[in-house]
Amino acid sequence: MALGEFAPIVPVGLLAAWACCLLIVDLFVPPNRRGITAGLAAMAIVTALVAVVALAGRQVGSPDSMVVGDGSGAFFQAILLVGALFSVALAFDYIRRTGIERGEYYILLLFSLSGMLLLAIASDLVIVFLGLELLSIPLYVLAGFALPKADSEESALKYFLLGAFSSSFLVFGIALAYGSTGTTNLYGIAHQASSGQADMPLLLVASLMVLVSLAFKVAVVPFHMWTPDVYQGAPTSVVAFMTVGSKVAGFAVLLRVLTGAFPALSPYWSQVAVGIAAVTMVWGNVAAVGQASIKRMLAYSSIAHAGYVFMAIPAAAIPTLQSQAYSAALFYLLAYSLTSLGAWGVVLAVEHAQGGGTGIEDYAGLGARRPLLAAAMTVFMLSLTGVPPTVGFVAKFVLFQTVLDARLTGLALIGVLTTLVAAYYYLRVVVNMYMRSGLPDVRSERWLNLTIGAMAVAVVLLGLLPQPILRAAYQVGIASFLP
């Protein structure tokens, strides 16, 4: 392996090394100055982002490498890093007022982020497993960070048990893929399958096991059971980070593994993906309608949106639509990340230090008490619904167009109908804010307000001027790394 082929892991190594150093530095930070640790963590993320931007546009790594630096990997990494940076800003005040401010919070976030970045550039199933564990283990701890709160402990335990269960599927899938082809490299597996040297029935089972494991990470039905309980029990700032990081990293590796390693089996996994996408959109949206807690409502909303992104997977099984499907998924994930971070920011502002303020009825009167905050929440709800001129509308339009081009008309129809269902529970929040009286106790803090404002502006701006990002997403499509 040439020295230059290590370039893609520079941002990953930088974050992991910085997190290790921060472990020592944090020992000398006074308990009342934890802002220093937060600032150093933010510096690490910005530095990694600079490295990603510097490496963007370069195709680094041969097909037999364990990691590949390409445009799509850089795009996913940029979304993850920007999301993590604003997650640090959201957490700064929240963990202080809820009494869980410890330096380990930011260090665990950095370790988990390094696993997410690794997944975005993985081109070998062994690296996929390493990245997935590096992502997950710190998140298990973060979910239980509000110890000794029973809800937080319960969410961490459930997340850990189901996460370990899904990891076992991945390990079995890797073992079967190796037994079938003699390699764990994604493009090596594809080569063995296309040349007729692989045990195809065994490889089919392997591909389905890998699909199950990664489906757990992105929380699609029927592998979504952990999501509502974990979102409700874990600290809200952790959920804000998790809802963006897990989904973006999960879909990054899912698209690369299925289209990179198992293209010969696309007639099989594409049909499975159609079923998963349809069931996930229906169940996620229907289940969200009856939720009284905004955290559980957003949890089911995240499940539904995973179903929408999943529609790009069967479209990506068609060689002529791979770049289009990839760019549609990239843009949708960017739009969802910005909108979701903003919505969770408003949830953090309304949530009380003791854990109250998470009911949808707690938003009554917010429009009169904090008009700008209510306006931002309205923008986020409209974007999640897919109403113009927000970025959520553009993302859904591009995605549905791709699905129709793939002749998956039934799937697109389910997507449109479930969007109408989604409008009911998203607009319920808006109705509570503006049409019902109340005196919500709302937090106002500099970094929290800055993040919410930045996300609201980005959601509207990208809704009005999406072309530069859409063009960039198309240019870094799957064609950039296919052998």
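Residues numbered from 1 in each chain as written. Predicted model: local features only at pLDDT ≥ 70, side-chain atom pairs only at ≥ 80, totals over all residues. Heavy atoms only, no water.

A. Representation of the overall build of the protein in the model. Across its full length, the protein holds 20 helices and zero strands. Relative to the globule expectation of 23 Å for 483 residues, the C-alpha radius of gyration of the protein, 21 Å, shows essentially globular dimensions. Across its three principal directions, the C-alpha atoms of the protein cover 70 × 55 × 40 Å. Burial analysis of the protein (483 residues in total) assigns 61% to the buried set. Taking the intrachain contacts of the protein between residues at least 6 apart in sequence as the baseline, contacts between residues at least 24 apart amount to 81%. (Helix = DSSP H or I, 4+ residues; strand = E, 2+ residues; numbered from the N terminus. Rg over C-alpha atoms; globule rule 2.2 N^0.38 Å. Buried < 20%, exposed > 50% of the residue type's maximum accessible area, 1.4 Å probe, protein only. Contact = heavy atoms within 4.5 Å.)

B. Examining the side chain of Lys-396 more closely. If you trace the backbone, Lys-396 turns up in helix α17 (residues 391-405). Despite its burial, Lys-396 pairs with no opposite charge; the closest candidate is Asp-405, at 18 Å N-O. For Lys-396, the residues in contact, after removing those within four places along its chain, are His-305, Tyr-308, Tyr-332, Leu-384, Thr-385, Gly-386 and Thr-419. (Lys, Arg positive; Asp, Glu negative; His and termini not counted. Salt bridge = Lys/Arg side-chain N within 4 Å of Asp/Glu carboxyl O.)

C. Region of interest: the side chain of Gln-291. Position of Gln-291 relative to the elements: it lies in the loop between α11 (266-289) and α12 (294-310). For Gln-291, the contacting residues outside a window of four places in its chain are Arg-296, Met-297, Tyr-300, Ile-360 and Arg-428.

D. Representation of the nonpolar core within the structure. Grouped together as the largest cluster of nonpolar side chains are 178 residues, with contacts concentrated most on Leu-113, Met-297, Phe-310, Met-377, Phe-380 and Met-381. Take this core: its biggest share by element is 20 residues, from helix α14 (residues 322-350). Phe-310 has contacts with Leu-211, Val-218, Val-220, Phe-251, Leu-254, Ala-273, Ile-276 and Ala-277, leaving out every residue within four places of it along the chain. (Core = buried A, V, L, I, M, F, W, Y, C linked by side-chain atoms within 4.5 Å.)

E. Representation of the packing of aromatic side chains in the model. By the definition in use, this model includes 14 aromatic pairs. Considering the side-chain rings of Tyr-159 and Trp-226, the 4.8 Å spacing of their centres and the 25° angle between planes classify their relative orientation as stacked. Taken as a pair, Tyr-159 in helix α6 (residues 150-181) and Trp-226 in helix α9 (residues 226-233) lie far apart in primary sequence, 67 residues in all. Residue class for Trp-226 comes out buried when judged on its relative accessible area of 3%. Judged by centre distance (6.0 Å) and plane angle (70°), the ring pair of Tyr-231 and Trp-344 falls under edge-to-face. Here the residue Tyr-231 occupies a position in helix α9, and Trp-344 occupies one in helix α14, the gap between them amounting to 113 residues. Like Trp-344, Tyr-231 is buried. Through a chain of ring-to-ring contacts, the aromatic side chains of Tyr-140, Tyr-159, Phe-160, Phe-216 and Trp-226 assemble into a single cluster. (Phe/Tyr/Trp six-rings, centres within 6.5 Å; stacked < 30°, edge-to-face > 60°.)

F. Focus on the environment of Lys-149. Among the secondary structure elements, Lys-149 is positioned in the loop between α5 (125-143) and α6. Classification of Lys-149 by relative accessible area gives partly exposed; the value is 43%. Separated by 85 residues in sequence, Lys-149 and Ala-234 place their C-alpha atoms 9.4 Å apart.

G. Quick look at unusual backbone geometry. Following Leu-147, the chain continues into Pro-148 via a peptide bond in cis, with omega recorded as 10°. Residue Pro-389 is bonded to the preceding Pro-388 through a cis peptide linkage, with omega at 10°. Relative to the assigned elements, Pro-389 resides in the loop between α16 (371-385) and α17. If you check the backbone angles, Ala-219 has positive phi at about 60° while not being a glycine. Within the fold, Ala-219 resides in the loop between α8 (200-218) and α9. At Arg-407, a residue that is not glycine, the phi angle is positive and equals roughly 60°. Residue position: Arg-407 is located in the loop between α17 and α18 (409-435).

H. Up close: a nonpolar patch on the surface. Together, Val-279, Val-282, Trp-283, Val-286 and Val-421 make up a nonpolar patch on the protein surface, roughly 390 Å² of accessible area in all. Here the nonpolar patch gets four residues from one element, more than from any other, and that element is α11. Relative to the elements of secondary structure, Val-286 occurs in helix α11. (Patch = residues over 30% accessible without salt bridge, like charges linked within 9 Å, V, L, I, M, F, W, Y side chains within 5 Å. Areas by Shrake-Rupley, 256 points an atom, 1.4 Å probe, with all protein chains shown as cover.)

I. Fine view of the environment of Leu-258. Mapped onto the fold, Leu-258 is located in helix α10 (residues 236-261). The sequence separation of Leu-258 and Phe-380 amounts to 122 residues, and the corresponding C-alpha distance is 32 Å.

J. Spatial organisation of the packing of helix α4 (residues 104-121) against α5. Closest axis-to-axis distance for the α4/α5 pair is 8 Å, and the angle between their directions is 155°. Considered as vectors, α4 and α5 are oriented roughly antiparallel to each other. In this structure, α4 crosses over α5, and the sense of that crossing is left-handed. Residue-level contacts link Tyr-105, Leu-108, Leu-109, Phe-111, Ser-112, Ser-114, Gly-115, Met-116, Leu-118 and Leu-119 of α4 to Ile-127, Val-128, Gly-131, Leu-132, Leu-134, Leu-135, Pro-138, Leu-139, Val-141 and Leu-142 of α5. Class assignment for the residues of the contact of α4 with α5 results in 16 nonpolar, four polar and no charged. (Axes fitted to C-alpha atoms, helices over the stretch in contact; angles between N-to-C directions. Parallel < 35°, antiparallel > 145°, perpendicular 65-115°, else oblique. Left-handed = near helix turned anticlockwise from the far one by under 90°. Nonpolar A, V, L, I, M, F, W, Y, C, P; charged D, E, K, R; others polar.)

K. Expanded view of the state of the cysteines. Here the structure, examined in full by the defined rule, presents zero disulfides. Residue Cys-20 stays outside any disulfide, its sulfur separated by 6.9 Å from that of Cys-21, the closest cysteine. Judged by its relative accessible area of 48%, Cys-21 falls in the partly exposed class. (Disulfide = S-S within 2.5 Å.)

L. Region of the structure containing the pattern of salt bridges. For the coordinates displayed, the defined rule picks out eight salt bridges. The partner of Arg-256 in a salt bridge is Asp-70, and the shortest N-O contact between them spans 3.2 Å. Here Arg-256, found in helix α10, pairs with Asp-70, found in the loop between α2 (35-55) and α3 (71-97); they are 186 residues apart in sequence, far enough to count as distant. Taking relative accessible area as the criterion, Arg-256 reaches 1% and is therefore assigned buried. On the accessibility criterion, Asp-70 (3% relative accessible area) is buried. The salt bridge involving Glu-154 is made with Lys-158; its shortest N-O contact spans 2.7 Å.

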